[in-house]
Amino acid sequence: MQKKYLKTTILIFIVSALIITAIGGYFYVEKYKKAPQNTASKVIEEKQILPKPIKLNLPDDGNQYDVIVVGAEPEGVAAARSAAKNDAKVLIIDKHNGPGGLMTYGMLNTIDMSKGPNGILLTQGTFKEFFKGIGSKNSFDVNKAKEVFLKLLSLPNITQSYNTVFEKPIMDGNKIIGITALKDGKQVNFYGKRIIDATQDADVAASAGVPYTVGAEDMGVKGKVQASTLVFRLKGLDWDNLIKIIKYEKKIPATYINDTSANGFLSITKKYKPSTQMLRLRGLNLGKQDDGTVLVNALLIYGVDGLNKESIDNGTQLAKKELPRIVEFFRANIPGFEKAELDGTADELYIRETRHIKGYYTLDINDVVFNRDFYDRIAIGSYPVDVQATSPEDTGFVYGKPVEYAVPFRCIVPQNVDNLLVVGRSASYSHLAAGSARTIPIGMAEGDAAGVASAYSIAKNKSFADIIGSEEDIKNIQSILVSQGAYLKPFKVEEAVEKSWAFDGLKFVLHWGLIVPGYTNDYKLDENIKSISFYYMTSNMIKRSIPDKSQLIDDNYQYLQKYIVDKSLTKEEAADILLTYAGYRNEANGNSGDLFKMAYEKGLVSKEAYIDVLKSGNVKWQDAYDMTLSLYNYINK
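Just so it is clear, the structure is predicted and the values come from calculations on it, not from any experiment. (Residues numbered from 1 in each chain as written. Predicted model: local features only at pLDDT ≥ 70, side-chain atom pairs only at ≥ 80, totals over all residues. Heavy atoms only, no water.)

(A) Representation of the overall build of the protein in the model. Each helix and strand counted, the protein has 21 helices and 22 strands in total. A compact globule built from 637 residues should have a C-alpha radius of gyration of about 26 Å, and the protein, at 26 Å, falls within 12% of that. Oriented by its inertia axes, the alpha-carbon framework of the protein measures out at about 80 × 60 × 55 Å. By the burial criterion, 58% of the 637 residues in the protein qualify as buried. When contacts within the protein are restricted to residue pairs at least 6 apart in sequence, those whose partners lie at least 24 apart make up 73%. (Helix = DSSP H or I, 4+ residues; strand = E, 2+ residues; numbered from the N terminus. Rg over C-alpha atoms; globule rule 2.2 N^0.38 Å. Buried < 20%, exposed > 50% of the residue type's maximum accessible area, 1.4 Å probe, protein only. Contact = heavy atoms within 4.5 Å.)

Here it is, written out as C-alpha cells:
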C-alpha cells in the first residue's frame with residue numbers, strides 16, 4: 001500500500017512539474033514573440049548556373065495517363081498544372097466535388113507566407129498565380145479560391161475527376177503503375193507512368209508500402225500529433241468597425257487587422273474556460289469573406305487521430321457542441337463582437353499532422369532553423385517553426401524563425417516505391433521541421449517540382465532514384481522550374497551562433513525538441529541555466545533518444561527530484577545528474593566536492609565545457625547543451 005501511495009505521489013509531482021514547465025514555456029514564447037531577433041545573420045545569394053531549359057516531348061501512349069495526381073489539394077493542383085505545362089497527359093482525382101481541399105473544404109483561408117529578408121516571395125510558380133488570382137490577400141474568399149483553382153486546372157491535357165475516392169495502388173513489384181478508385185459506386189482502375197500523392201495523409205504512399213512515422217514518433221514521443229481545428233463562420237460582424245476598434249481606438253492589445261485579416265485577441269481568449277480539457281481557444285485568426293461573414297481559426301481539438309474516421313467525427317462533434325458557448329463568450333467579451341452569430345462550420349477538420357513519409361532525405365529542424373541550402377532545392381521557405389499544442393498539457397511552441405531554408409527534391413521521393421512522389425504536409429519532414437514546412441505555399445512549390453520531375457523522368461526514361469543521383473538531371477529540372485516562375489536562388493546564411501564551441505550540442509538538443517528558442521532564436525548560450533531546466537533536458541533526452549534506457553529516469557527519480565527546483569544550477573549539481581544517469585551514483589556519493597572533475601574524467605563533460613564552467617564559475621545553457629550531448633554519447637556507446 002505504501003509503495004502504491006509513493007508511486008501515485010511521484011506521478012502527481014511529475015505531471016505538475018510538466019504543466020508548470022509547459023506554462024512557463026508558453027509565457028516565454030508570448031513575451032518574446034515580438035522582440036527583435038538577437039542572433040546576427042547575413043544572407044548571401046549565390047550565383048545560379050543552370051542549363052537552358054529543355055523542351056520535354058513526351059510520347060503519346062494512347063489512353064494511358066502520363067501522370068496521375070491523387071488529391072486536388074492546393075499542392076495537387078500545382079502538381080497537375082506543372083506536369084501539364086510540360087507536355088504530360090494528366091489525371092487529377094479527388095474525393096470532394098471540386099478542388100482546393102483544405103483551403104476550400106476545411107476553410108483554411110489565411111495563408112502562412114514565406115518571404116525572404118528583402119520581402120521577396122519565396123514560394124512563387126503556381127502559388128504566385130493562385131495568390132494573384134485571390135487578390136494578393138493573406139486571407140481570401142473561399143468560393144473565390146475554388147474558382148481560381150478550377151481556372152489553374154483548365155488546361156486541355158488535364159482531366160479532372162471529382163467525387164472519386166482513392167482505394168488502393170496498382171503495383172508491379174515495387175513500382176506503382178496505377179490506382180484503383182471508387183467513382184459513382186463502382187471501382188475504376190486508372191493507369192499512369194508516374195503517380196503524385198497529394199493527399200493530406202500520404203494515403204497512396206502508405207498503402208503502397210512507403211515507411212512513415214506519425215506525429216512526434218520520430219523524436220521518441222508516440223501518440224502525439226499537433227491539435228486539429230474546426231474553422232467556423234460568424235455573421236453580424238462589422239469589419240470596418242473592427243478596424244476602428246483595433247487599429248485606431250486600440251481597445252484590443254496585441255492585435256493586428258487589415259482589410260481582410262485580423263489576428264491576436266489572446267489577452268481576451270485566454271480567459272475562456274472550455275467545457276472539456278480536450279478543447280482550447282487560442283488567439284483568433286480571422287478571415288473576411290466577400291459576403292461579409294468572417295471565418296475563425298482558433299479552436300484547438302486535442303486527441304484527434306486524423307487517420308481514424310470515428311476519431312475525426314468525434315472531434316468534429318465535440319467542437320460543434322462547444323461553438324455556441326464560444327460565440328456567447330465573444331459577444332460578452334470582445335469589442336465589436338456584440339452582434340456576432342454562428343453561421344456554420346467548415347465541411348471538414350483542419351488536421352495539421354498525421355503521417356511523415358520516409359524519403360531519401362528527411363528535413364530536420366536544424367536544416368530549417370539554421371537556414372540550410374541543398375544542391376537539389378525545389379522549394380524555399382521561411383515560415384516560423386510553429387508547432388501547435390499536442391495535448392492539454394502544453395500550449396504549443398515556436399522552435400525558431402529561419403531566414404530562409406531549402407527543401408531538397410529527396411524529401412518528396414519516398415523510399416521503397418518507384419514511380420511515386422509525395423507532396424504537402426506528409427512529405428519527408430521531421431515532426432519539428434514540419435512546423436514550418438507543412439505550410440501550403442511550400443507544398444505548392446513542391447507540387448510544381450513534382451510535376452516537372454514526373455514529366456522529365458518520363459521523357460528521359462529515368463527513375464526518380466536515378467535522378468537524385470544525377471546533378472545534371474537535378475539542374476535540368478531546376479532550370480525548367482525557374483523558367484516557369486519558380487524562385488530557387490542558391491543562398492548562404494551566416495549565423496553567429498554557428499561559430500559557438502557548443503554548436504554541436506545546440507543542434508543535438510534542438511533536434512530532440514529539448515529547447516524552445518521562440519520567434520527570436522534565443523538560444524541563451526551565455527545565460528545561467530536553472531536546475532529544473534537541466535533536469536528535464538537530460539531526462540527527456542534519455543526518454544526520446546534512447547528509449548530503451550528510459551528506466552534510468554524512473555530508477556533515479558527519487559534521488560534526483562531534489563534538482564527539480566527553480567534556482568541556478570551549480571557545476572557539482574550538474575555533475576551529480578550526469579554521473580547518476582551514467583551509473584556512477586554510488587561512487588559519486590563518496591566524492592562530494594569533486595563531482596565535476598569526476599564527470600570530466602569519465603567523459604561526461606567535454607574539455608570545452610569543463611574550461612568554460614571553471615572560467616565563469618557557473619553552468620550556462622551552452623554548457624548544458626554540450627553536456628547533454630556528452631551524456632547521450634556515453635550512455636549510447
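(B) Quick peek at the packing of helix 3 (residues 126-133) against helix 4 (residues 142-152). For the pair helix 3 and helix 4, interaxial distance at closest approach is 9 Å and the crossing angle is 135°. When the axis of helix 3 is compared with that of helix 4, the two are oblique. The handedness of the crossing between helix 3 and helix 4 is right-handed. Taking contact as the criterion, the partners of Thr126, Glu129, Phe130 and Gly133 in helix 3 are, on helix 4, Lys144, Ala145, Val148, Phe149 and Leu152. Residue composition of the contact of helix 3 with helix 4, by class: five nonpolar, two polar and two charged. (Axes fitted to C-alpha atoms, helices over the stretch in contact; angles between N-to-C directions. Parallel < 35°, antiparallel > 145°, perpendicular 65-115°, else oblique. Left-handed = near helix turned anticlockwise from the far one by under 90°. Nonpolar A, V, L, I, M, F, W, Y, C, P; charged D, E, K, R; others polar.)

(C) A look at helix 17 (residues 571-581). Of all eleven residues making up helix 17, ten are buried, and the element is well covered by its neighbours. For helix 17, the set of buried residues is Glu572, Glu573, Ala574, Ala575, Asp576, Ile577, Leu578, Leu579, Thr580 and Tyr581. Taken together, the buried residues of helix 17 touch helix 15 (531-545), helix 16 (551-560), helix 18 (585-589), helix 19 (595-601) and helix 21 (621-635).

(D) View of the packing of aromatic side chains. Enumeration over the complete set of coordinates arrives at 19 aromatic pairs. Geometrically, the ring pair formed by Phe370 and Phe503 is edge-to-face, given 4.9 Å between the ring centres and 75° between the ring planes. In this pair, Phe370 sits in the loop between helix 9 (365-369) and strand 17 (377-381) while Phe503 sits in helix 14 (residues 503-511), placing the two residues 133 residues apart along the sequence. One aromatic cluster is present, formed by Phe127, Phe130, Phe131, Phe140 and Phe149 through successive ring pairs. Of note, Lys524 hangs over the ring of Trp621, and the distance from its end group to the ring centre comes to 4.0 Å. Above the ring of Tyr584, the side-chain terminus of Lys602 is found at 4.2 Å from the ring centroid. (Phe/Tyr/Trp six-rings, centres within 6.5 Å; stacked < 30°, edge-to-face > 60°. Lys NZ or Arg CZ within 6 Å of the ring centre and 35° of its normal.)

(E) Inspection of the pairing of strand 3 (residues 90-93) at higher detail. Every second residue of strand 3 is oriented toward a common face, with Val90 and Ile92 on one face and Leu91 and Ile93 on the other, all of them buried. For the handedness criterion, the β-α-β arrangement of strand 2 (residues 65-70), helix 2 (residues 74-85) and strand 3 is classed as right-handed. The pairing of strand 3 with strand 4 (residues 158-161) spans four bridges and is classified as parallel. Across the sheet, residue Ile93 finds its bridge partner in strand 4, namely Ser161. (Right-handed = clockwise from strand over helix to strand, strands pointing away. Pairing = 2+ DSSP bridges.)

(F) Quick look at the pattern of salt bridges. Within the structure shown, the criterion is met by 21 salt bridges. Where Asp201 meets Arg425, a salt bridge forms, and the shortest distance between an N and an O atom there is 2.8 Å. With Asp201 in the loop between strand 7 (186-197) and helix 5 (203-208) and Arg425 in the loop between strand 21 (420-422) and helix 10 (434-437), this residue pair connects regions lying 224 residues apart in the sequence. Of the two residues, Asp201 and Arg425, neither departs from the other in class, the shared state being buried. Note that Lys507 and Asp504 form a salt bridge whose closest N and O atoms lie 3.8 Å from each other. With Lys507 and Asp504 both in helix 14 and three residues apart, this pair spans about one turn of that helix. Overlapping salt bridges, with partners in common, bring together Arg81, Lys85 and Glu129 in one network. (Salt bridge = Lys/Arg side-chain N within 4 Å of Asp/Glu carboxyl O.)

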